[in-house]
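Commentary on secondary and tertiary structure
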Amino acid sequence: MKKSLLRLGMCLAALAVLASCQDLGELKPEYFTVNPNPLEVKGGKVEGTITATFPEKYFAEKGVVEVIPVLVYEGGEAASESATYQGAKVEGNNETIQYKAGGTVSQNFSFDYVPAMKQSKLVLRFKATLKDKEVQIPEIQIAVGCIATATLANAAEINPAIAPAQFMRDTAEVTKADIMFQIQQANVRNNKDVKALNAAAAATKKDSLRTVQGIEVISAASPDGGVELNEKLATKRQDNTVKFLKRQKNNQAAIDAKYIAQDWEGFQQLVNESNIQDKELILNVLSQYQDPAEREAQIKNLSAAYTELAKDILPKLRRSQLALTVIKAGKTDAQILEMAKANPDTLNVEELMYAATIAATAEDAAAFTEANASQNPENWRAVNNLAALQFTKGEFDNTKATLANAANNGGAEAAETNFNNALLALVDNNTEDAAAFLGKAASIEQLNEAQGVLSIQKGEYAKAVEAFGNTVSNNAALAQLLSGNLDKATSILENVTDKNANTYYLMAICAARANDLEKTCAALKSVAGICKAKAANAATDLEFAKYWLLSDFKAAIQ
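This text gives an overview of the structure that appears in the document. (Residues numbered from 1 in each chain as written. Predicted model: local features only at pLDDT ≥ 70, side-chain atom pairs only at ≥ 80, totals over all residues. Heavy atoms only, no water.)

1. Examining the packing of aromatic side chains
Selection criterion: Each Phe, Tyr or Trp ring, with Trp reduced to its six-membered ring, pairs with another whose centre is within 6.5 Å; inter-plane angles below 30 degrees give stacked pairs, above 60 give edge-to-face pairs, and intermediate values give tilted ones. Only protein chains enter the accessibility calculation, which uses a 1.4 Å probe. A residue is then buried if its area is under 20% of the maximum for its type, exposed if over 50%, and partly exposed in between. Lysine NZ or arginine CZ positioned within 6 Å of the ring centre and within 35 degrees of the ring normal marks a charge as sitting over the ring.
On inspection of all chains with the given rule, the structure shows eleven aromatic pairs. Where F54 meets F59, the ring centres are 5.2 Å apart and the plane angle is 90 degrees; that geometry is what we call edge-to-face. Each of the two residues, F54 as well as F59, counts as buried. Feature note: the residues F54, Y58, F59 and Y85 constitute an aromatic cluster, connected by ring pairs. Lying over the aromatic face of W264, R295 brings its terminal NZ or CZ to 5.1 Å of the ring centre.

2. Points about the pattern of salt bridges
Side chains that differ in sign of charge can pair as their charged atoms come close. Our working definition: The rule for a salt bridge is simple: a side-chain nitrogen of Lys or Arg has to be within 4 Å of a carboxyl oxygen of Asp or Glu. Secondary structure elements follow DSSP: runs of H or I no shorter than four residues count as helices, runs of E no shorter than two count as strands, and numbering proceeds from the N terminus.
Following the criterion strictly, the structure yields 16 salt bridges and no others. Linking K300 and E296 is a salt bridge whose minimum nitrogen-to-oxygen distance equals 3.0 Å. A residue pair is termed a helical-turn pair when its members lie 3 or 4 positions apart in one helix, as K300 and E296 do in helix α6 (residues 292–300) at four residues. Between E543 and R513 there is a salt bridge, with its nearest N and O atoms 2.6 Å apart. With E543 in the loop between α21 (532–536) and α22 (551–556) and R513 in helix α19 (residues 501–513), the pair connects residues that are 30 residues apart, well separated along the chain. Connected through shared salt-bridge partners, E77, R125 and E139 make up one network.

3. With respect to the sheet that holds strand β15 (residues 255–260)
The line we're drawing: At least two DSSP bridges between two strands are needed for those strands to be called paired. Axes here mean lines fitted to C-alpha atoms, for a helix over just the part in contact, with angles spanning 0 to 180 degrees between N-to-C directions. The criterion used for residue contact is that any of the two residues' heavy atoms lie within 4.5 Å.
What the four strands build is an open sheet, ordered β13-β16-β14-β15; its pairing is mixed. Every other strand in the sheet has two partners, leaving β13 (171–180) and β15 as the edge strands with one partner each. For this sheet, the mean inter-axis angle between neighbouring strands, taken without regard to orientation, is 15 degrees. In the sheet, strand β14 (residues 210–220) pairs with β15 via six bridges, with the strands oriented parallel. Across the sheet, residue S219 finds its bridge partner in β15, namely Y259. Sitting on the sheet, helix α2 (residues 192–203) is in contact with β13, β14 and β16 (319–328), with an inclination near 150 degrees to β13. This element, helix α3 (residues 227–246), spans β13, β14, β15 and β16 of the sheet and lies at about 160 degrees to β15.

4. Remarks on the side chain of D541
Rules: Counting rule for charge: Lys and Arg are taken as positive, Asp and Glu as negative, and neither His nor the chain ends is counted. Polar contact is defined as a pair of N or O atoms within 3.5 Å, subject to the rule that within protein one atom must be able to donate a hydrogen and the other to accept it, and that residues adjacent in sequence are counted only when both atoms are side-chain atoms.
Its location among the elements puts D541 in the loop between α21 and α22. Here D541 occupies a buried position and makes no salt bridge, while the nearest side chain of opposite charge, K118, is found at 4.3 Å. Polar side-chain contacts of D541 include one of 2.7 Å to the side chain of Y505. Residue contacts for D541: discarding those within four places in its chain leaves K118, Y505 and W548.

5. As for unusual backbone geometry
Backbone torsion omega between N35 and P36 reads 5 degrees, so that peptide bond is classified as cis. Structurally, P36 is set in the loop between β1 (32–35) and β2 (39–42). Of note, the bond from N37 into P38 is cis; its omega dihedral lies within 30 degrees of zero at 10 degrees. For P38, the location among the structural elements is in the loop between β1 and β2. In this model, N515 sits at a positive phi of 60 degrees, which is unusual for a non-glycine residue. When you line up the elements, N515 lands in the loop between α19 and α20 (517–530).

6. Some thoughts on the packing of helix α8 (residues 333–342) against helix α9 (residues 349–358)
To be explicit about the condition: Relative orientations are named as follows: roughly parallel for angles under 35 degrees, roughly antiparallel for angles over 145 degrees, roughly perpendicular for angles from 65 to 115 degrees, and oblique for any other angle. Each residue is assigned to one of three groups, with Ala, Val, Leu, Ile, Met, Phe, Trp, Tyr, Cys and Pro labelled nonpolar, Asp, Glu, Lys and Arg labelled charged, and all others, Gly among them, labelled polar.
Running from N to C, α8 and α9 point in directions that differ by 100 degrees, and their axes come no closer than 10 Å. Put simply, α8 runs roughly perpendicular to α9. Across the interface between the two elements, D333, I336, L337 and A340 from α8 touch E351, L352, Y354, A355 and I358 from α9. The residue makeup of the contact of α8 with α9, split by class, is seven nonpolar, no polar and two charged.

7. Some points on the state of the cysteines
Applied cut-off: Note on terminology: pairs of cysteine sulfur atoms within 2.5 Å are recorded as disulfides.
Tallying each qualifying case throughout the model produces zero disulfides. With no disulfide of its own, C510 lies 15 Å from the sulfur of C521, the closest cysteine sulfur.

8. Quick look at the nonpolar core
How we decide: Among buried residues, the Ala, Val, Leu, Ile, Met, Phe, Trp, Tyr and Cys ones that are joined through side-chain atoms within 4.5 Å form a nonpolar core.
Of all hydrophobic cores here, the largest spans 55 residues; its most connected members are F419, L426, I456, L524 and F544. Look past the residues within four positions of L524 in its chain and what remains in contact with it is Y505, A508, A535, A538, F544, F553, A556 and I557. Counting residues in each nonpolar core, the second largest holds 39 residues, with F32, I97, F109 and I137 among its members.

9. Points about the side chain of Q457
Among the structural elements, Q457 can be located in helix α15 (residues 447–457). Look at Q457 and you get buried, because its relative accessible area is 10%. Beyond its immediate chain neighbours, meaning those up to four positions away, Q457 contacts G43, G44, L426, N429 and T431.

10. Re α9
Burial within α9 is extensive, with eight of its ten residues counted as buried. Regarding α9, the residues found buried are V349, E350, E351, L352, M353, Y354, A355 and A356. Structurally, α9 contributes buried residues whose contacts are with α8, α10 (362–375) and α11 (380–392). Among the residues of α9, the N-terminal cap falls to N348, whose side-chain oxygen and the backbone nitrogen of E350 are separated by 3.0 Å.

11. Regarding helix α5 (residues 279–288)
What counts is decided by this rule: The arc under discussion is defined with respect to the helix axis, by the directions toward the C-beta atoms.
Taken residue by residue, α5 has I282, L283, V285 and L286 as its buried positions. The buried residues of α5 occupy an angular sector of 155 degrees when the element is viewed end-on, so they sit on one face. Set apart from the buried face of α5 by more than 90 degrees, the exposed residues are E280, S287 and Q288.

12. Description of the pairing of strand β3 (residues 45–54)
Covered by surrounding structure in β3 are V46, G48, I50, A52 and F54 only, the residues K45, E47, T49, T51 and T53 on the alternate face being uncovered. Bridge count for β1 against β3 is four bridges, and the pairing is antiparallel. Paired with T33 across the bridge in β3 is T51. Relative to β3, β2 runs antiparallel, the two sharing two bridges. Looking at the pairing, V41 lines up with V46 of β3. Hairpin remark: β2 followed by β3, antiparallel, with two residues in the connecting loop; positive phi at G43, about 60 degrees. Note: β3 against strand β8 (residues 103–112), ten bridges, orientation antiparallel.

What follows is the structure, encoded as structure tokens:
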């Protein structure tokens, strides 16, 4: 009897010991869920939430488990911030999991996206202790692959900014002359400048490229002498000047004549440019008094200064100012194009810039742009346009260097150079620099398209849709697709004028999301016909995962 009681006591003691030996066993993938699953790139990040459900009687009361999300991909891996959980009898500030009841907890993860993550797996690694002793818990895999559709935003498809030509086919040649008058006189006195003006008008009769547009005459009286006297004097000077010009046999140009009774504006300008005594006092009088008589009286009170005015300033205002405008006809479009091809160095920067806009082929336009930048490296507009050409060719390193040259030659603050630098930043997914450059490119027509791509890269899809507005482009369609507007995205893609491989690839994604195998395969066949390498991407793109094993799909991407 005593032996039996002894054995029973020993069994009960053993059971009590076993009951108190809580352990941290293997964690299973089904304990964890991931949102989103599959993973997805947004704003240059792969982010989401892991929810863990620890079953009953798993989490030992004296156990501590650190959970580390790791994204493993070919050639590398990235770890996100970990989360630590503890049992009920552990002293600490971590989230507590009850032993008997178990518990559900969540933690976020975030990885900076690199292209290799498109084919990846999300694993959890654990650091665990039980009663301060390290415990080994094997890592587990909880998600596979990453949807990278947002990375299809393509800044290289946006037209770079071209600095416009300041081309004027016909140029105006202006010849000026002054007819000076004695005080209170209106008789015209010829001089060498007037003779030169008449000669310039006469020369046009022997030059088929030049035509006289007309002569502007402004006759004036100096501000001294009173308004009534000067009104009559200025009028007489105007009339006599016009009669004089009409008597010139070789100068029958149309005359536009007017007069200024008291040339206060000219007076102020001459005083301001002079070193006359009491200059500042005189200018102060002009600013304080608007009545002509009061002005004249106040200035005459400055006796010493007025003597200088009468000698050096007032005589220069008793005049008729003549301006002959001759229009020189420029080269025709045909002449410009011929010279741009044969001898581009005979054209100036504006003519070459204009030639690029009227060129019959893209090859000619490129050649004219390159010649212009070579001949005029100090002209930022010519250099910027070379950078734009390089950008369209995908020569991004050359574009960057050329834009630096444009900035160093006066284009640093120009909207065109800033916009093109923004495109380069977008190509590099450098959203911070892109935003800064776009802030200085407000006048560029394509600004909203660039803002749309920037918003996609930042993961702000609603803003991207708003920025694109009614734009019809691959990028605009992508913004709609990422915002969940499948029908709108498809409609935009169908209306893209110059469809390329990117257009058809996006059409394939839209069709796959709509569960339309036939349209998916048709679009991918079009992709393969343009770029087989791009079509091959579909074999690992999770957008098409449900079709990977189908023969029609495999045939479409060959």
